[in-house]
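Observations on the model geometry
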Amino acid sequence: MVIRESNGPIHNGIMLDPRSESLSPTFGVSLVRELRSLLKTERDGAGDPAVALGARPLATIFGDAISSDGPSIDIASAVRGVEVGGFTAWPIFISYGGSSPRGIYVPIYNREQIESTLKEFYGSGPSSIRGGINEAIRNIGQHGHRQHSVVHGECRFAPAALLTRELSVAGSDGVTHRVLMAVVTDEGPGITHPERSMLNGVGSGGGDDAIGMGFEMKGSLLYLVKSNQGEWSLFDSLNHSNPDKYAGAKTLNTRPIGADEKVERVAAIDLPVPSVGCQKIIFFAHPSATADEARGIQAALLSALEPLRR
């Protein structure tokens, strides 16, 4: 028998499971509780402060801020974030931005406030963190909504949201580092095959080839995504191998993607499963972290999620 060492608390000779109570929770126990509170499928009464994405429609988080059936783009893009369950949450609206019969739908949200709130993680120049979050939001406009009757110049709540909070994580060097947890969630049709969807490149307009989400994962530490089959997949963003759709560097020429090509996940993860839509949970190191520090932080996060692996 292999005995695993752990820094977790031991009481009466029994290692406490992070899914149960702990007298002095470690970071791992706290993170698991945080994720379960974020996703749980039952609330403990109307006063329960948890986000509980699996227990209520997103509209209930934002209340009167999204009550209008068709706000203007200016109004929708000025809706401010709200505090819920330790997160700051911003609603995401959908507008029609094209003239083709197929239609081009775009997400509308308070970019200015998000930029200001996350400025220490985004920085002032090009940012893989900004790019990853914005790409996940853009994907809602492409595939993560059911507002196909919205007309040009108006908006409707997708329903969708961006939720963020900052974590403090002790890396393998023993130093505490800043980590951003970003959650992009919607009530659309969801993702069928995450391993396939995580391939690099640009998917077809209708999502028929089910690829193109790789850019969302770029620059992150870990990427958790729920499929519409009811399973959570964990992707290692630092060590994964992602075959590219493009035929070569600095070219838009694409090659056929094989039917068996995919991005291997680290594991399936045991977390509550919201019955509607798509949920993505992305962890980012602060831009000041070195490559070695990022790997140490990632190792700490992987260790925290170890009890949830299936």
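Numbers given to residues run from 1 along each chain, matching the order in which its sequence is written. Only residues with pLDDT of at least 70 get local features here, since the model is predicted, and only at 80 or more are side-chain atom pairs given and counted; chain-wide, interface and lining totals rely on the full set of residues. The side-chain values count all of the structure's non-hydrogen atoms but skip hydrogen atoms and water molecules.

**Some remarks on the pattern of salt bridges**
Side-chain pairing between opposite charges can occur once the charged atoms of the two side chains come close. The condition that has to hold: Salt-bridge detection follows one rule: a side-chain nitrogen of Lys or Arg within 4 Å of a carboxyl oxygen of Asp or Glu. Throughout, exposure labels follow a simple rule: accessible area from a 1.4 Å probe, protein chains only, divided by the maximum for the residue type, with under 20% read as buried, over 50% as exposed, and the rest as partly exposed. Only runs of H or I of at least four residues qualify as helices and only runs of E of at least two qualify as strands under DSSP, and these elements are numbered from the N terminus.
Overall, the coordinates contain 14 salt bridges when judged by the stated rule. As a salt-bridge pair, Asp-48 and Lys-40 come within 2.6 Å of each other at their nearest N and O atoms. There is no split in this pair, since Asp-48 and Lys-40 are both buried. Measuring nitrogen to oxygen at the nearest pair gives 2.7 Å for the salt bridge that ties Arg-178 to Glu-120. Placement of the pair is Arg-178 in strand 7 (residues 176-186) and Glu-120 in helix 5 (residues 119-122), with a sequence separation of 58 residues. Take Glu-120: its relative accessible area is 46%, and that puts it in the partly exposed class.

**Some details on the side chain of Lys-280**
Rules: What qualifies as a polar contact is a pair of N or O atoms within 3.5 Å, subject to a donor-acceptor requirement within protein and to the restriction that residues adjacent in sequence count only when both atoms come from side chains. In this description, contact between two residues means that some pair of their heavy atoms is separated by no more than 4.5 Å.
Among the secondary structure elements, Lys-280 is positioned in strand 11 (residues 278-285). For Lys-280, a relative accessible area of 4% gives the class buried. A polar contact of 3.0 Å, which involves the side chain of Lys-280, links it to the side chain of Glu-216. Lys-280 has contacts with Ala-136, Asn-139, Ala-182, Val-183, Val-184, Ile-191, Met-213, Glu-216, Tyr-223, Leu-224 and Val-225, leaving out every residue within four places of it along the chain.

**Some points on the confidence of the model for the protein**
To keep it simple, the criterion reads: Every residue is assigned a pLDDT by the predictor, reflecting its confidence on a scale from 0 to 100.
Confidence along the protein averages 84 in pLDDT terms, with 81% of residues attaining 70 or more. Counted against residues more than four places away or in other chains, residues 1-16, with its pLDDT under 50, gives 17 contacts.

**Digging into helix 1 (residues 27-39)**
Heads up, the condition is: Residue count minus one, scaled by 1.5 Å, sets the expected span of a helix.
The end-to-end C-alpha separation of helix 1 is 18 Å, in line with the 18 Å expected for 13 residues at 1.5 Å each. For helix 1, the full list of buried residues reads Gly-28, Val-29, Leu-31, Val-32, Glu-34, Leu-35, Leu-38 and Leu-39. Of the surrounding elements, those touching the buried residues of helix 1 are strand 4 (87-96), strand 6 (155-170), strand 7, strand 9 (232-236), strand 11 and helix 9 (291-305).

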